[in-house]
Amino acid sequence: MTTWEYKIIDSRDIQGAGRLRGPSPEDAESFLDVLGAEGWEVVHLDWRELERRMSFMGIAKRERRHA
């Protein structure tokens with residue numbers, strides 16, 4: 001049986017993101033690319049846009065690695 005682990009993701013965790021304006025779209029894409037390379041699949045994102053900047057919170061999952 002497959003088991004999953006979950007991760008809450010937040011655009012405030014992106015380096016260089018401004019507190020009020022959020023990361024640029026390019027920075028957000030890079031952040032999500034890193035998650036994908038680590039095996040995470042984003043299953044939900046709640047996007048907000050303000051003055052061409054994005055902020056989001058979401059959930060990612062990946063198969064739990066058994067030791």
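Structure: above.
What you see is a predicted model, and the numbers here were worked out from it, not measured in a lab.

## With respect to the overall build of the protein
What the protein contains, in helices and strands, is 1 helix and 3 strands. For the protein, the sequential pattern of α-helices and β-strands runs β-α-β-β. Here the protein holds 67 residues, and the buried ones make up 24% of them. Taking contacts inside the protein between residues at least 6 apart in sequence as the whole, the part at least 24 apart equals 58%.

## Some remarks on a nonpolar patch on the surface
The grouping of W4, Y6, I8, V43, M57 and I59 at the surface amounts to a nonpolar patch, some 580 Å² of accessible area in total. In terms of residues, the nonpolar patch owes the most to one element, strand β1 (residues 4-10), which gives 3 residues. For V43, the location among the structural elements is in strand β2 (residues 41-50).

## Thoughts on the pattern of salt bridges
The full count for this structure, using the stated rule, is 2 salt bridges. Residue R12 pairs with D10 through a salt bridge whose shortest N-O separation is 2.8 Å. Relative accessible area serves as the criterion here: at 9%, D10 is assigned to the buried category.

## A look at a negative patch on the surface
A grouping of E26, D27, E29 and D33 is seen on the molecular surface, where their side chains present a negatively charged patch. Within the secondary structure layout, D33 lies in helix α1 (residues 25-37). Overall, the relative accessible area of 57% leaves D33 in the exposed class.

## A look at the environment of T2
With respect to the helices, strands and loops of the structure, T2 is situated in the segment before β1. Remark: the alpha-carbon pair of T2 and R65, spanning 63 residues in sequence, is separated by 9.8 Å.

Calculation rules
- Note on numbering: residues in each chain are counted from 1, in written sequence order.
- Thresholds applied to this predicted model are a pLDDT of at least 70 for local features of residues and 80 or more for the giving and counting of side-chain atom pairs; totals over whole chains, interfaces and linings are not thresholded and use all residues.
- Derived side-chain values reflect all non-hydrogen atoms in the structure, with water molecules and hydrogen atoms excluded from consideration.
- The secondary structure listing takes helices from DSSP runs of H or I that are at least 4 residues long and strands from runs of E that are at least 2 residues long, numbered from the N terminus.
- Note on exposure labels: buried denotes an accessible area under 20% of the residue type's maximum, exposed denotes more than 50%, and partly exposed covers the range between, all computed with a 1.4 Å probe on protein chains only.
- Whether two residues are in contact is decided by their heavy atoms, any of which lying within 4.5 Å being enough.
- A patch consists of residues whose relative accessible area exceeds 30% and which take part in no salt bridge; residues with like charges are grouped when within 9 Å of each other, and nonpolar side chains (Val, Leu, Ile, Met, Phe, Trp, Tyr) when within 5 Å.
- With residues, only the protein chains shown are counted as cover, and all accessible areas are computed by Shrake-Rupley using a 1.4 Å probe.
- A carboxyl oxygen of Asp or Glu within 4 Å of a side-chain nitrogen of Lys or Arg is what we treat as a salt bridge.
- Neither His nor the chain termini are counted; the positive set is Lys and Arg, and the negative set is Asp and Glu.
- Here the site of a charge means atom NZ of a Lys, CZ of an Arg, CG of an Asp or CD of a Glu.

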